[in-house]
Amino acid sequence: MIYPEISGKKLTLLESFLKNKFTYAYIIMKIFLFLAATSLLSIAAYPQNVGTETGRERGIVLPKSDYHYKRVQFYIEDEPDADYRHASEKAYEVFRDIKFAVRIHWGIYSMWKMNGESWGFLDLPREKKMEYNELYKSFNPKKFDAEEWMDLFKRSGMRAFAFTTKHHEGFSLFHTKTKVIRRVNYLDPANVIQHCDLHYSVEETPFKRDIVGELCAAAHKRKIKINLYFSHPDWYDADFRPFNNHPLTTERYQTFNGDYGWEPGSCKYEFITPEPTPEETGRAVARHREQLRELLTGYGKIDMLCFDQWMGKDIWKETKETVKMLRKIQPDVMLRARGIGNYGDYYTPERFVPESRENTAMPWMTIYPLASSFSYDKDSTQYKGAKWIIHNIIDCAAKGGSFMVGIGPDSDGQFHPTAVRQLEETGRWLAVNGKGIYNTRERDTWKEGDIYFTRTKNNKRVFAFIEDFPRKELVIKSVTPRAGSKIYMLGYKKALEWSATGDGVRIEIPAELQLEGNRPCRYAWGFEMKE
């Protein structure tokens, strides 16, 4: 075996090594460092929960009562594929720590102040549908400021935000490279599906700016968790017919719509069209997949993807492959379960808080609009108030969940002043009581009468919350404080006098706190004790 030359003489391996031992040692060291570095990178990039444990073994299953699960359970397998892994336990812990978040629905429907986001589109007459689909040409929210939004969320005590990158009507609030090439002409029944060449996104509006990009950048700076909402169906793109209330249906879908998760006769269709060709369905699958890939590759770390609705059993196999692709791009992104069943990582009870602790290890976050809908509401009397928000934060935290309040800006990108006041008031309450909310977990006894409880992860401290201020004392039966320990009201510096009772504790309330002006906060009060 012949190796490098020195002064024109060919050397054997041994001779070459002896004459150039420092050079070879250097090369060997570089190779070793390269291999070590790549190994560490591989470990860091690989999902932290890789192993044989399945989602069911981890307890990650949707409650059978979940509305959206019922719509898809007949075609989505209950047990995910063996090659699928959910987000890691670490990601789940981070999700459970959030406790309070905000959900923003915004789109061209805000230009018409439509309640119910883009759902109102389905009830419009055909002429108004055509007019609606042209609204993007004048969408120009000049007062939108991502930095101001995130500052508001920070002041309000929110740890995460969700934002509509695209709602059901199909308009994208980010710079997508995908295009719609077949859309609906509602005024030409004889030729209802027509050619187009349009991103149908904010890039084609007078505003032009990438709203999703600006929000993500502002959130990253403030360490606010990012949740990008994305609608599975797309009513603008004719290739997406006939799934999930698309205005274009087919005879098979109309006859057997129970196979697609809807009750017969519950959908509103404009036209019966031919079955989509394999080419059309393929384009819909590809565009759906590519837009999601764009969201997970264009804006840094994304903590959650908030899917909505579903596509249908005909393309479940392809949808599942999309989900697996997303998991490879960002292994720890938490996926909302809508439309993907037990492949999801979390679910969202909508407009209600579960009555008790959930019987599943799948994390949950209640979503509830502050006013009448998740989009902009011009009526100030519809906003429910800081007291309502605070109650739901406590209720959800006590049961092991989080609370996400829904608001929407107007067409200029401004939130209603009433919403701003109520959110900021909530933030002031959390500044006092957040210790007993953020990063906490539920107790076995999560409520006693009107008293709600949370606990630290190590079980060393318990927090009790009351919404009716006690006059002289607070009696708790399910907590026995450690002897000699101190009990505090959150936000009040002095330790409170207490005594053990036969089955709990009696806490004395100082006389000075009977005056509202002396209390550390309004609406609800927290107590901290060692158990």
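Each remark here, short or long, concerns the structure printed above.
Residues numbered from 1 in each chain as written. Predicted model: local features only at pLDDT ≥ 70, side-chain atom pairs only at ≥ 80, totals over all residues. Heavy atoms only, no water.

(A) Molecular detail of the overall build of the protein. When helices and strands are counted, the protein shows 12 helices and 21 strands. By the burial criterion, 55% of the 531 residues in the protein qualify as buried. Long-range pairs, those at least 24 residues apart, make up 72% of the contacts in the protein between residues at least 6 apart in sequence. (Helix = DSSP H or I, 4+ residues; strand = E, 2+ residues; numbered from the N terminus. Buried < 20%, exposed > 50% of the residue type's maximum accessible area, 1.4 Å probe, protein only. Contact = heavy atoms within 4.5 Å.)

(B) Main features of empty space enclosed by the protein. What the rule picks out here adds up to five cavities of 30 Å³ or more. One number sums up the size of the largest cavity: a volume of about 60 Å³. Around the largest cavity, the lining residues are L62, D66, H68, Y69, V72, A337, R338, G339, G341, Y347 and T348. Grouping the constituent residues of the lining of the largest cavity by class yields five nonpolar, four polar and two charged. (1 Å grid on protein atoms, 1.4 Å probe; cavity = no way out; pocket = protein on both sides within 12 Å on 5 of 7 lines; lining within 4 Å. Points joined across faces, edges and corners; volume = space filled by probe spheres on them. Nonpolar A, V, L, I, M, F, W, Y, C, P; charged D, E, K, R; others polar.)

(C) Layout of the packing of aromatic side chains. Under the counting rule described, the total for this entry stands at 29 aromatic pairs. Judged by centre distance (6.4 Å) and plane angle (35°), the ring pair of Y186 and F271 falls under tilted. Placement of Y186 in the loop between strand 5 (180-184) and strand 6 (193-198) and of F271 in strand 9 (residues 271-272) is noted, with a sequence separation of 85 residues between them. Each of the two residues, Y186 as well as F271, counts as buried. Between Y200 and Y236, the ring centres sit 3.6 Å apart and the planes meet at 10°, which makes this aromatic pair stacked. (Phe/Tyr/Trp six-rings, centres within 6.5 Å; stacked < 30°, edge-to-face > 60°.)

(D) Highlighting the pattern of salt bridges. Taken as a whole, this structure holds 45 salt bridges when the rule is applied. Across the pair R336 and D308 runs a salt bridge whose closest N-O atoms are separated by 3.9 Å. You can see R336 sitting in the loop between strand 11 (334-335) and strand 12 (365-369) and its partner D308 sitting in strand 10 (residues 304-308), a full 28 residues away along the chain. What makes D308 buried here is its relative accessible area of 6%. (Salt bridge = Lys/Arg side-chain N within 4 Å of Asp/Glu carboxyl O.)

(E) Layout of the pairing of strand 21 (residues 525-530). Counting buried residues along strand 21, five of its six residues qualify, which places the element largely inside the surrounding structure. The pairing of strand 16 (residues 461-466) with strand 21 spans six bridges and is classified as antiparallel. What sits directly across from A464, in strand 21, is F527. Relative to strand 21, strand 18 (residues 488-489) runs antiparallel, the two sharing two bridges. Paired with M489 across the bridge in strand 21 is F527. (Pairing = 2+ DSSP bridges.)

(F) Geometry of the nonpolar core. Counting 145 residues, the largest nonpolar core has F153, F161, F163, I211, V405, I476 and F527 as the members making the most contacts within it. With nine residues, helix 11 (residues 386-398) is the largest single contributor of residues to this core. Those residues in contact with I211 that sit more than four places away from it in its chain are W106, F139, F144, F163, L173 and V202. Core analysis: the next-biggest nonpolar cluster, separate from the first, contains six residues, F243, A284, V285 and I315 among them. (Core = buried A, V, L, I, M, F, W, Y, C linked by side-chain atoms within 4.5 Å.)

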